[in-house]
Amino acid sequence: MFLIGCDFHPSWQQVCWLNRTTGETEENKLVHAPGEVERFYRQFPAPARIGMESTGNCQWFVELVTALGHELWIGDAAKIRAGDSRQQKHDKRDARLLLRLLMEQRFPRIWTPSSQQRDLRQLLVHRYKLVLLRMQAKNGLQHLALNQGLQKKRRLWSRAGQKLLSELPLRPWASRRREDLTSIVKLLDQQIQLLDLAVIEAAQKDANARLLMTQPGVGPITSLAFVLTMGDISRFRRGKQVASYLGLIPREYSSGGHHRLGSISKQGNRFLRMLLVEAAQGAVRCDPQFRSEYLHRCHEKPKGVAKVAAARKLAIRLYWMLRTQKGYPEVVSIESSSRVPLVGAS
């Protein structure tokens, strides 16, 4: 088998490979010209093992080497960098480091989603981006109304509010802006409605997403995003690891017996973390246990802290729903512990 360390960049890559049969090693700088990458990796008999750091805009490369029959390992960039004790860093050293970690079987491989899972992620992200665009357009219309003394807030989007907005006397360019923003909002409403139907259909086809939707406050978007982000749930031993993976635990600066906790780490998937905070507010309204804990925490902490704590609890509960394949309310009796991986309350 050939082992290949690949330091990937958008326009080129530095590679260092080893023939384990002969012990021969070589290095090369490979420019991402049309057909050149495929010709280079096709010369290695499949399956060759390729190691590279986690990075963006590399989906084409992942699909290319996978189609050629090679085995691609994606590694944790921070752990890979920690594997080099020297302070010098350049592309050739990075490629050699990746190869050395593969040779010593110390490569910090991470879980990667399948091609289908990546495509479903694009569905969720695309819908979210369109929602942001619609919000910006609506904010522009709100400012136009406020500048004319019309303050309706959410009622501006009712039929009566839309009628008042269309009848406002505006100067030519302000009137042009009102017409364009109104048409943009209508167009985005149609597009988002179609994407909502696609998300519902995809969530209904996934057994795990259907299971998560039994939890009050969790809908198709949050359930599908949780399933696609967490992937193989067995890689987490307990709920605390899930909260850490999603960046919902506080930063810690403890030393000398003094414990100092800061704000949440905000590591992991930012999109899913935002969805969990929104879903937790729905769970607070619908789930009695969530509501009692949230109100109790609001007496001691700001509401923002209470919302994040509710999101952390929700993430852990969704994890145990997938781990035990129990829906709501049966999952309420399942608790995790730092010493006991799984405890079922009788």
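The structure this text deals with has already been given above.
Draft legend 1. Geometry of the sheet that holds strand β3 (residues 25-31). In spatial order, the strands read β3-β2-β1-β4-β5; together these five strands make up an open sheet with mixed pairing. Here the strands that pair on one side only, and so sit at the sheet edges, are β3 and β5 (71-75). For this sheet, the mean angle separating the axes of adjacent strands, direction not counted, is 20°. Bridge count for strand β2 (residues 12-19) against β3 is seven bridges, and the pairing is antiparallel. Directly across from valine 15, in β3, lies its bridge partner asparagine 28. Running over the sheet, helix α4 (residues 91-103) touches β1 (2-8), β2, β3, β4 (49-53) and β5 and is turned about 145° from β1.

Draft legend 2. Inspection of the packing of aromatic side chains at higher detail. Overall, the coordinates contain 13 aromatic pairs when judged by the stated rule. Ring centres of phenylalanine 8 and phenylalanine 61 lie 5.4 Å apart, and the angle between their planes is 35°; this geometry places the pair in the tilted category. Residue phenylalanine 8 is located in strand β1, and its partner phenylalanine 61 is located in helix α2 (residues 59-67); the two are separated by 53 residues in the primary sequence. The pair phenylalanine 8 / phenylalanine 61 is uniform in exposure class, with both members buried. On the numbers, 5.1 Å between centres and 55° between planes, the contact of tyrosine 128 with phenylalanine 271 is tilted. Remark: phenylalanine 271 occurs in helix α11 (residues 270-286) and tyrosine 128 occurs in helix α5 (residues 115-147); sequence separation between them is 143 residues. Note on tyrosine 128: relative accessible area 26%, which makes it partly exposed. Here the aromatic cluster, defined as three or more aromatic residues joined through ring pairs, consists of Phe2, Phe8, Trp17, Phe40, Tyr41, Phe44, Trp60 and Phe61. The aromatic ring of tryptophan 12 is capped on one face by lysine 29, whose charged end is 4.4 Å from the ring centroid. Just above the ring of tyrosine 245 sits the side chain of arginine 235; from NZ or CZ to the centre is 5.0 Å.

Draft legend 3. Main features of unusual backbone geometry. The step from alanine 46 to proline 47 runs through a cis peptide bond, and the omega angle for that step is 0°. Of note, proline 47 is situated in the loop between α1 (36-42) and β4. The amide bond that connects tyrosine 328 to the next residue, proline 329, takes the cis arrangement and shows omega of 10°. A positive phi is found at lysine 153, a non-glycine position, where the angle reads about 55°. Notably, glutamine 325 is not glycine yet its phi reads approximately 55°, a positive angle.

Draft legend 4. Expanded view of the environment of lysine 29. Relative to the elements of secondary structure, lysine 29 occurs in strand β3. Put simply, lysine 29 and glutamate 179 are 150 residues apart on the chain and 53 Å apart in space, counted from C-alpha to C-alpha. In this view, lysine 29 contacts Trp12, Gln13 and Gln14; residues no more than four positions away in its chain are not counted.

Draft legend 5. Up close: the pattern of salt bridges. Considering all chains together, one arrives at 15 salt bridges under this definition. Across the salt bridge formed by aspartate 94 and lysine 89, the nearest N and O atoms sit 2.8 Å from each other. In this structure aspartate 94 comes out as buried when scored by relative accessible area, which is 6%. Residue lysine 89 is classed as exposed on the basis of its relative accessible area of 52%. Between arginine 106 and glutamate 104 there is a salt bridge; the shortest N-O distance is 2.7 Å. A cluster of three or more residues bridged by salt bridges with shared partners is formed by Arg81, Asp84 and Arg93.

Draft legend 6. Highlighting the side chain of arginine 93. Relative to the elements of secondary structure, arginine 93 occurs in helix α4. Setting aside chain neighbours within four positions, we find arginine 93 in contact with Asp84, Arg86 and Gln88.

Draft legend 7. Broad picture of the state of the cysteines. On inspection of all chains with the given rule, the structure shows zero disulfides. Cysteine cysteine 6 remains unbridged, with the sulfur of cysteine 58 as its closest cysteine sulfur at 9.2 Å. Assessed through its relative accessible area of 1%, cysteine 6 is described here as buried.

Draft legend 8. Quick look at the nonpolar core. By size, the foremost hydrophobic cluster in this structure holds 45 residues, and its most contacted members are Phe226, Met230, Leu246, Leu276, Leu314 and Leu318. Listing elements by their share of this core, those giving two or more residues are α5, α7 (172-205), α8 (207-212), α9 (220-230), α11, α12 (288-298) and α13 (303-324). The dominant element in this core, judged by the number of residues it contributes, is α13, at ten residues. When near neighbours in sequence (up to four residues on either side) are disregarded, leucine 276 contacts Thr222, Phe226, Leu246, Leu248, Ala311, Leu314, Ala315 and Leu318.

Quick notes on the rules
- Residues numbered from 1 in each chain as written.
- Predicted model: local features only at pLDDT ≥ 70, side-chain atom pairs only at ≥ 80, totals over all residues.
- Heavy atoms only, no water.
- Pairing = 2+ DSSP bridges.
- Helix = DSSP H or I, 4+ residues; strand = E, 2+ residues; numbered from the N terminus.
- Axes fitted to C-alpha atoms, helices over the stretch in contact; angles between N-to-C directions.
- Contact = heavy atoms within 4.5 Å.
- Phe/Tyr/Trp six-rings, centres within 6.5 Å; stacked < 30°, edge-to-face > 60°.
- Buried < 20%, exposed > 50% of the residue type's maximum accessible area, 1.4 Å probe, protein only.
- Lys NZ or Arg CZ within 6 Å of the ring centre and 35° of its normal.
- Salt bridge = Lys/Arg side-chain N within 4 Å of Asp/Glu carboxyl O.
- Disulfide = S-S within 2.5 Å.
- Core = buried A, V, L, I, M, F, W, Y, C linked by side-chain atoms within 4.5 Å.

Geometry only, nothing functional implied.
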